[in-house]
Number of protein chains: 2
Amino acid sequence: MEERGISVLFLPVSSTLEYLTGLSREIPNPTEDDRPGDWVSGMYLGLNAGPVIVEPRMGSAHMERQVAGKDWISELYVLGEPEDYSGVLTRLVGEMRGDSNGAIALGQRAWTNTAIDMLKAAPDAELVNAHEFLGPMRMVKDDGEREAMRRAVAVVDNAYEDILAQLRLGMTSREITWIIDRILYGHGADGVSFHTSVYIGGAASGDGNVFENTSNRVLGRDCTVAFDFGALLDGYCSDFGRTVFTGEPSEERRRVYDLVISAQAAAIEAMKDGQITAAQLDRVARSIIEDSGHGPAFIHRLGHAIGKDVHEPPFLLEGDDTLLQTGMFFTIEPSVVMDDGAFIRVEDVVMVTPEGGENLNRTGHELRVLEL
Amino acid sequence: MEERGISVLFLPVSSTLEYLTGLSREIPNPTEDDRPGDWVSGMYLGLNAGPVIVEPRMGSAHMERQVAGKDWISELYVLGEPEDYSGVLTRLVGEMRGDSNGAIALGQRAWTNTAIDMLKAAPDAELVNAHEFLGPMRMVKDDGEREAMRRAVAVVDNAYEDILAQLRLGMTSREITWIIDRILYGHGADGVSFHTSVYIGGAASGDGNVFENTSNRVLGRDCTVAFDFGALLDGYCSDFGRTVFTGEPSEERRRVYDLVISAQAAAIEAMKDGQITAAQLDRVARSIIEDSGHGPAFIHRLGHAIGKDVHEPPFLLEGDDTLLQTGMFFTIEPSVVMDDGAFIRVEDVVMVTPEGGENLNRTGHELRVLEL
């Protein structure tokens, strides 16, 4: 903060706060308003003061338990109902800032109200996005984080065969996502790292674009079923993808399946410490798919970094020139959408090492035809 | 906007944008970063320009379908990967603002990056929180919204008996939440309006605070089971609560059950157009519970407005002096935590009318003992 001329750092309850303090994130409800004072809750840190944790009264018992024993937290302030919430923010910013005129750094998901109140509390202060320097701090995982990533990845590997065993013709994609989530919890997940997705494509009957009506597509014969799910465990995320066939695939589908797997393998091999950028890695896989004529059918980035959040920078796409380093974790997830509606995709979590990528997933890449 | 001196309104994809435009919200993934450029995506509206909708390329097909046919949208701009996202924002703010020096209003959940980029694009502009004037616009529901609220409430009423029929001794609270969510979808819900909660309290064996370890408590005999769940349907939310007993309740539990139901009934009766404020309504129910000696055991607000979001202003708590008007919808949800660990709670969605509250829920309030 001193180097960057920052006088106050404010982080809402978030994965970034969890990374810096161990205070666990929450999975927010999908509502604009939730608890009174939510927009001033989080951590306030000055150069020579704090951190002070502010928490709304509803749910504060959980935070009280977490703060207990952390002597380096100078105060837990529980918000009343009602209270002058902007006044609490103004007071704390004043205390943290003292007579400094440095910038105020905010977590990227702080509310608009928070930014506005910060400008009122310190009209001369520049606002800066704390994610610009905290995001890069999270890129290279330390030894403890690497072990946590292995455990989160093991959950999906362990769950996968159980999931396949429960598939039945006639199930909808939404029913399959419920089955997946229950099995993930059964294998110890604390939660899912993102909304579980199941893409049923390429039915013989035809059923439009595989990305439309994704929840209510029905598992039939001669479909492709592309899974995309991940577990949250001990604050770290996995993200996993495989595609299975419900009926003997056509030669063209086999060819595309092999192509996607080869593109992934080439990318994994290229993930050597200090020798390739995020954008260059995307090119490695993309050029293989382009050379086969399927370039326009690979419609998304090759992957993304993963850790406490399922999607973290760097991103494997044109324009991201971050140099890969040992201990960075990425998803490698090429895919091809076929003209017959099939959607073939694979995804693993891979760590950069001096010798190339180390695939953390143990689930194999062989083509699977389910007998349903 | 003109009255308030606002030159540009920016709203992220959200319930508020859905309210104003019909463009549907999305349920965000629990990750700080998601798609490239997410922080500049949403609606840009000037006094004499726009609206322009900006959408990241991943997932843009859904937005393209929604924008089609809406001639009043001047442009849908799909973000590239990569692109100068801040540059897109700067260009659009310039186009919307023209030579005005008015304020820039931001939706309350816009990102920090958005606020910072707005200040860079228009350094002289004041930032204001658009929720301060858009929130109140949403308080009184029009006829179409009232019908939508009835439909969302009907989903939970229709689901409730099916849920009770599936309860078994030995289930965990998490297993019960899965059952509830599946049944809600089975009754037509588009989603859940918030994370489904099941509070198992007061087991004869004792099991600590009912709000600790909430996911893994086991349904046993002589428990209280307090449900809290809601459906999202056609963009509107329900929010529902009942408490059932797994064994004949003690006299004290019966007394508290009746108390909670009476406190709710008194509040519903008092919800007359123009005759009571949000804070006064909270007092109506709270004073009944206080008079019985259980005041400190009613640990939260009486309720909240509900509509497109499950939690909307006004809030039924001390300090909220909004006058109730016909067509406002509130949850009325008193509760008591008992010394024996039982947790007794009821919740209905109620509309303010000239004659008092109209309860939209049809599920009865009689004490239910489940034979499991």
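Residues numbered from 1 in each chain as written. Chains lettered and ligands numbered in written order. Predicted model: local features only at pLDDT ≥ 70, side-chain atom pairs only at ≥ 80, totals over all residues. Heavy atoms only, no water.

Turning our attention to the overall build of chain A. Along the backbone of chain A there are nine helices and 20 strands. Considered along the principal axes of its C-alpha atoms, chain A spans approximately 70 × 45 × 35 Å. Counting all 372 residues of chain A, 59% fall into the buried class. Here the analysis covers contacts within chain A between residues at least 6 apart in sequence; of these, 67% occur between residues at least 24 apart. Of the roughly 14,100 Å² of accessible surface on chain A, 48% is carried by carbon and sulfur atoms. Placing the 32 positive and 60 negative side-chain charges of chain A at their respective mean positions leaves the two points 3 Å apart. (Helix = DSSP H or I, 4+ residues; strand = E, 2+ residues; numbered from the N terminus. Buried < 20%, exposed > 50% of the residue type's maximum accessible area, 1.4 Å probe, protein only. Contact = heavy atoms within 4.5 Å. Areas by Shrake-Rupley, 256 points an atom, 1.4 Å probe, with all protein chains shown as cover. Lys, Arg positive; Asp, Glu negative; His and termini not counted. Charge placed at Lys NZ, Arg CZ, Asp CG, Glu CD.)

This part is about the sheet that holds strand β3 (residues 52-56) of chain B. All names here are of chain B. The mixed open sheet is built from six strands, whose spatial order is β4-β3-β2-β1-β5-β6. Two strands in the sheet have a free side with no partner beyond their single neighbour: β4 (75-79) and β6 (127-129). Pairwise comparison of adjacent strand axes, ignoring direction, gives a mean angle of 20° for this sheet. Bridge analysis of strand β2 (residues 42-46) against β3 gives three bridges, and the strand direction is antiparallel. When the bridges of β3 are listed, glycine 42 appears paired with valine 54. (Pairing = 2+ DSSP bridges. Axes fitted to C-alpha atoms, helices over the stretch in contact; angles between N-to-C directions.)

In total, this model carries 22 aromatic pairs over all chains according to the counting rule given. Here Trp39(A) and Tyr85(A) contribute two aromatic rings whose centre-to-centre distance is 5.8 Å and whose plane-to-plane angle is 75°, an arrangement assigned as edge-to-face. Of the two residues, Trp39(A) sits in the loop between α1 (15-21) and β2 (42-46) while Tyr85(A) sits in helix α3 (residues 85-97), which places them 46 residues apart along the sequence. Of the two residues examined, Trp39(A) and Tyr85(A), each falls in the buried class. When the ring of Phe211(B) is compared with that of Phe343(B), the centres are 4.9 Å apart and the planes differ by 75°; the resulting orientation is edge-to-face. Taken as a pair, Phe211(B) in the loop between β8 (197-201) and β9 (224-229) and Phe343(B) in strand β17 (residues 343-345) lie far apart in primary sequence, 132 residues in all. Members of the aromatic cluster, joined through ring pairs, are Tyr160(A), Phe227(A), Phe229(A) and Phe240(A). Between Arg91(B) and the ring centre of Tyr77(B), over which it is positioned, the NZ or CZ distance is 5.2 Å. Seen from the ring of Tyr19(B), Arg138(B) lies directly overhead, with NZ or CZ sitting 5.9 Å from the centre. (Phe/Tyr/Trp six-rings, centres within 6.5 Å; stacked < 30°, edge-to-face > 60°. Lys NZ or Arg CZ within 6 Å of the ring centre and 35° of its normal.)

Quick look at the domain arrangement of chain A now. Residues and elements named next belong to chain A. Splitting chain A by domain gives domain 1 (6-137) and domain 2 (140-369). The centre of domain 1, based on its C-alpha atoms, is set 35 Å off from the matching centre of domain 2. Tallying the contact residues gives six residues for domain 1 and eight residues for domain 2. Summed over both partners, the interface of domain 1 with domain 2 comes to about 570 Å²; 46% of that surface belongs to carbon and sulfur atoms. For the domain 1 face of the interface with domain 2, the top three residues by lost area are Ser15, Tyr19 and Arg25, together amounting to 60%. Remark: the boundary between domain 1 and domain 2 carries two salt bridges. (Domains from an automatic or database assignment. Buried area = accessible area lost by both parts, 1.4 Å probe. Salt bridge = Lys/Arg side-chain N within 4 Å of Asp/Glu carboxyl O.)

With that out of the way, let us pick up the nonpolar core. With 48 residues, the main nonpolar core has Tyr44(A), Ile104(A), Met118(A), Tyr44(B), Ile104(B) and Met118(B) as its most contacted residues. In contact with Ile104(B), other than residues within four places in its own chain, are Ser7(B), Val8(B), Val93(B), Arg97(B), Met118(B), Ala122(B), Ala125(B), Glu126(B), Leu127(B) and Val128(B). (Core = buried A, V, L, I, M, F, W, Y, C linked by side-chain atoms within 4.5 Å.)

This brings us to the sheet that holds strand β20 (residues 368-369) of chain B. All names here are of chain B. Pairing is mixed in the open sheet, where four strands are placed in the order β8-β9-β12-β20. Of all strands in the sheet, those bounded by a partner on one side alone are β8 and β20. In the sheet, β8 pairs with β9 via five bridges, with the strands oriented antiparallel. By the bridge assignment for β9, isoleucine 200 is matched with valine 225.

Turning our attention to the relation of the copies chain A and chain B. By a simple turn and slide, chain A fits onto chain B: the slide is 0.0 Å along the axis, the RMSD is 0.0 Å, and the turn is 180°. Expressed as a symmetry operation, the mapping of one chain copy onto the other fits a two-fold axis. Looking at the interface residues of chain A, 100% of them are also at the interface in chain B, so both copies use one shared face. (Least-squares fit on C-alpha atoms with pLDDT ≥ 70 in both.)

The partner chain B presents 56 residues to the 56 residues of chain A that form the contact. Both faces considered, chain A and chain B share a buried interface measuring about 5,100 Å² in area, 51% of it formed by carbon and sulfur atoms. Joining chain A to chain B, the criterion identifies two salt bridges. The salt bridge involving Arg65(B) is made with Glu212(A); its shortest N-O contact spans 3.4 Å. There are 40 residue pairs in polar contact (both at pLDDT 80 or more) connecting chain A and chain B. Only α1, α4 (112-121), β6 (127-129), α7 (173-186) and β14 (312-316) of chain A provide two or more residues apiece to the side of chain A that touches chain B. Take the side of chain A that touches chain B: its biggest share by element is six residues, from α7(A). Counted by class, the side of chain A that touches chain B contains 22 nonpolar, 16 polar and 18 charged residues. (Polar contact = N/O pair within 3.5 Å; in protein donor to acceptor, adjacent residues only side chain to side chain. Nonpolar A, V, L, I, M, F, W, Y, C, P; charged D, E, K, R; others polar.)

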